[in-house]
Number of protein chains: 2
Amino acid sequence: MAVRQVTIKDIAREAGVSPSLVSFVMSNSVAGKQLYRVNCETSKRVLAVAERLQYKPNNTARALRSGKTGTIGVVLSDISNPFFAEIARFLEDAAYSYDYNVVFASTDEDPEKFRRVVNVLINKGVDGLILVPCGGTEDIIRGLVTGCVNTVLLDRTVPDLEVSSVVLDNRAAARTITDELLSRGAKRIDMVSYSMQISNTRDREQGYLDAMAAAGLAGSTHIERVAHNNYGSVADYVREAKDRGVEAFMIATNTLSLQVISEIYKSGCRIPEDFKVACFDRNPLYDIYGSGIVYVRQPVDAFASKAMELVMSHIKSKSGKKHPVEQIVLSPEITG
Amino acid sequence: MAVRQVTIKDIAREAGVSPSLVSFVMSNSVAGKQLYRVNCETSKRVLAVAERLQYKPNNTARALRSGKTGTIGVVLSDISNPFFAEIARFLEDAAYSYDYNVVFASTDEDPEKFRRVVNVLINKGVDGLILVPCGGTEDIIRGLVTGCVNTVLLDRTVPDLEVSSVVLDNRAAARTITDELLSRGAKRIDMVSYSMQISNTRDREQGYLDAMAAAGLAGSTHIERVAHNNYGSVADYVREAKDRGVEAFMIATNTLSLQVISEIYKSGCRIPEDFKVACFDRNPLYDIYGSGIVYVRQPVDAFASKAMELVMSHIKSKSGKKHPVEQIVLSPEITG
DNA sequence: TTATATTGTTAAATCGTTATAACTATTTAT
DNA sequence: ATAAATAGTTATAACGATTTAACAATATAA
């Protein structure tokens, strides 16, 4: 695209040395195992020429030869979802700190799309994958792991699989915010969740049930499971819940929260007067409007840095060797 | 990383043909200029073998030889900002529709960071760049354009430069929402803006001034320019504005809006009773709380698809030739 | 019938780097 | 003094594709 690349050969010619030597000089700073001994004088001369000619190493060639692209693929539900957008940003920065790049792909919770983008990323030649699995991707992930692809799961995990992961302690988080609703006087608390089969949602449901049971309300639990992207059903449900005398909602995800809160207001009700609300993920306006919404603040930065750390350790540990699988569970913060 | 790549040679051996032929078969579907004539039978046989061996072309090798990576670099302010996150998603999808990938980098409005990430992306070998310029990047962008790097500017433009761009009609948008505030009875309207020197902010300020002047209020305009990421100053300003008898705010960006709205509520005031507010960019909660905030809804999908279209047309038009520069201005929608 | 196109295929160069083995020249050990 | 080790460097073969030129073999034209 640009003018013409200055190659290692140009430098070699100009500096009166062989291309190999230039290569050694260039990669000496990050010398892996064996430090190639090169004369300090020549090294300086080569670097000077490189500087003068404005040499920029060709990463494609480097990648082809070395098998390492310096890129991590990140597959998530939807990068426009604020939760993932924030993670994306931290991942970008984390990757940068390792001199790596990151390339994102969204799945919209569709396992077929998941498979597709994972394949595209692998073909592009990523050194590792950070994945937010969606329902129905267990086999794909198992395939990656057995195929020795450096894989780290984020936000959600897959049971019975030897794979590294970084997730929230969802069960504890859910229990805590449900407890908070209880302590604010609510007894009839519904949980609104997704019908997808993903670990974090299931754990959150369990936390809700834990809290209710501990409060002696095991009999009056209700989990409303909404299909992903089915907005209509939420409206009906909120109306129905109101009739049923529900006093509070515990909501499993940020997108769902916006829908439920929207329906509450549309039906002329207020928070917290008519309904108390607890949910996952922060929204700046929750605080601003002083709406009294209790929410779980996920340590998004830790998600990103830990996931990146894990995938890097996988990459470092020579492929072929057994993966240093590590499953990290992070603690939530509660606000509101 | 994975097991071992199936190469074009494996297929050649298995199918009893030469590697070249396999290459022809593989790239025949996307035959550029010259369609290489290959026997239908052999073609089928080769494809069958490829299918059986689960051949996945090595994009790195392909990129090295062909000089095309199939990747577009996107440089924006901050991918965790909802406005850019949404654009990111649309860009991802748009790229995919061209069989391309997209890699993002955030600048935090820092020209030095901008220069750095642009260089990283170029070294990685992107086929084109979509850039959201920040203040102080004019020279860098000029350098790219003269260096024949396929460049498209997004959301903001750089004056006096022959470069393709996709921006909102910011002046018209700003005028419209200011008019809306006026029609709702506000006379003392302040504009809150950033002190950065970027085209869209300047245009929005002009639109505000246009509307005020047309209403005969040229004398009572006030533009408060806040430094990027300087939260403290907003609090002081809102207090001061209240004392000054300001009735409405016209706010230049989404992040700034959240700050101003937050301060309004913190100071015990309400929207729209105490202050009317007009701003840029949607936030789902604006609608939900029925807060009566007027806002400009930017056609984010069109931003993305147009920008991708432009960069693709640059790529198609043989490098060396004159760029088909095109500057697109999109119309806003107003809600509230 | 001889010359010329056309079809189907292949050999070989190339993209820009890395990595291995080998090769001097010099130093150190014996 | 000879062998062995070391420092500094280079030649060369990859990496996995694309692409150009060339080559048979056959078909068409003159």
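Scroll up for the structure.
As a starting point, this report considers the structure included with it. In this text, all values refer to a predicted model and were calculated from it rather than measured experimentally.

### Comments concerning the interface of chain B and chain A
Chain B puts 56 residues into the contact, and the matching count from chain A is 55 residues. Counting each side, the surface lost to burial between chain B and chain A is near 4,700 Å², with a carbon and sulfur contribution of 61%. Seen at the junction of chain B and chain A, the total is four salt bridges. Ionic pairing is found between Arg89 of chain B and Asp108 of chain A, a salt bridge with its closest N-O pair at 2.7 Å. Inspection of the chain B/chain A interface yields 16 residue pairs in polar contact (both at pLDDT 80 or more). Broken down by secondary-structure element, the contributors of at least two residues to the side of chain B that touches chain A are helix H4 (59-66), helix H5 (82-97), strand S2 (101-106), helix H6 (111-124), helix H11 (254-266) and helix H12 (284-288) of chain B.

### Details of the pairing of strand S10 (residues 294-297) of chain B
The pairing of strand S9 (residues 276-280) of chain B with S10 of chain B spans three bridges and is classified as parallel. Looking at S10 of chain B, one finds that Cys279 of chain B is bridged to Tyr295 of chain B.

### Details of the relation of the copies chain B and chain A
When chain B is fitted to chain A, the best match, at an RMSD of 0.0 Å, comes from turning it 180 degrees and sliding it 0.0 Å along the axis. Such a combination of rotation and displacement between the chain copies is what one expects of a two-fold axis. Taking C-alpha positions as the reference, the residue of chain B nearest the rotation axis is Val103 of chain B, at 2.6 Å. Both copies contact each other with a shared surface, as 98% of the interface residues of chain B are interface residues in chain A too.

### Some words on the pattern of salt bridges
The final tally for this structure, using the stated rule, is 40 salt bridges over all chains. In this structure, Glu14 of chain A and Arg52 of chain A form a salt bridge, with 3.6 Å as the shortest nitrogen-oxygen distance. You can see Glu14 of chain A sitting in helix H1 (residues 8-15) and its partner Arg52 of chain A sitting in helix H3 (residues 40-53), a full 38 residues away along the chain. Measuring nitrogen to oxygen at the nearest pair gives 3.6 Å for the salt bridge that ties Glu112 of chain B to Arg115 of chain B. Of this pair, Glu112 of chain B and Arg115 of chain B both sit in helix H6, separated by three residues, roughly a single helical turn. With relative accessibility at 44%, the residue Glu112 of chain B sits in the partly exposed group. When its relative accessible area of 39% is taken as the criterion, Arg115 of chain B is described as partly exposed. Residues joined by salt bridges that share partners form a network here, namely Asp78, Asp108 and Lys113 of chain A together with Arg89 and Asp93 of chain B.

### Section: unusual backbone geometry
Glycine aside, a negative phi is what most residues show, and trans is what most peptide bonds show. Following Ile271 of chain A, the chain continues into Pro272 of chain A via a peptide bond in cis, with omega recorded as 5 degrees. Locating Pro272 of chain A in the fold gives a position in the loop between helix H11 (254-266) and strand S9 (276-280). Residues other than glycine seldom take positive phi values, yet Asp281 of chain A does so here, at roughly 80 degrees. Taking relative accessible area as the criterion, Asp281 of chain A reaches 7% and is therefore assigned buried. Look at Cys148 of chain B: it is not a glycine, yet its phi comes out positive at around 65 degrees. Among the secondary structure elements, Cys148 of chain B is positioned in the loop between helix H7 (138-146) and strand S4 (151-154). With relative accessibility at 30%, the residue Cys148 of chain B sits in the partly exposed group.

### Digging into the sheet that holds strand S12 (residues 333-335) of chain A
All names here are of chain A. Taken in spatial order, the six strands of this open sheet run S7-S6-S8-S9-S10-S12, and their pairing is mixed. Strands at the two margins of the open sheet, each flanked by one partner only, are strand S7 (222-226) and S12. Across the sheet, the mean angle separating the axes of adjacent strands is 20 degrees when strand polarity is ignored. By the bridge criterion, five bridges tie strand S6 (residues 189-194) to S7 in an arrangement that is parallel. Bridging from a neighbouring strand, Asp190 pairs with His222 of S7. Where helix H8 (residues 170-183) meets the sheet, its contacts fall on S6, strand S8 (248-251), S9, strand S10 (294-297) and S12, and the angle it forms with S9 comes to roughly 165 degrees.

Reading guide: rules and limits
Residues numbered from 1 in each chain as written. Chains lettered and ligands numbered in written order. Predicted model: local features only at pLDDT ≥ 70, side-chain atom pairs only at ≥ 80, totals over all residues. Heavy atoms only, no water. Contact = heavy atoms within 4.5 Å. Buried area = accessible area lost by both parts, 1.4 Å probe. Salt bridge = Lys/Arg side-chain N within 4 Å of Asp/Glu carboxyl O. Polar contact = N/O pair within 3.5 Å; in protein donor to acceptor, adjacent residues only side chain to side chain. Helix = DSSP H or I, 4+ residues; strand = E, 2+ residues; numbered from the N terminus. Pairing = 2+ DSSP bridges. Least-squares fit on C-alpha atoms with pLDDT ≥ 70 in both. Buried < 20%, exposed > 50% of the residue type's maximum accessible area, 1.4 Å probe, protein only. Axes fitted to C-alpha atoms, helices over the stretch in contact; angles between N-to-C directions.

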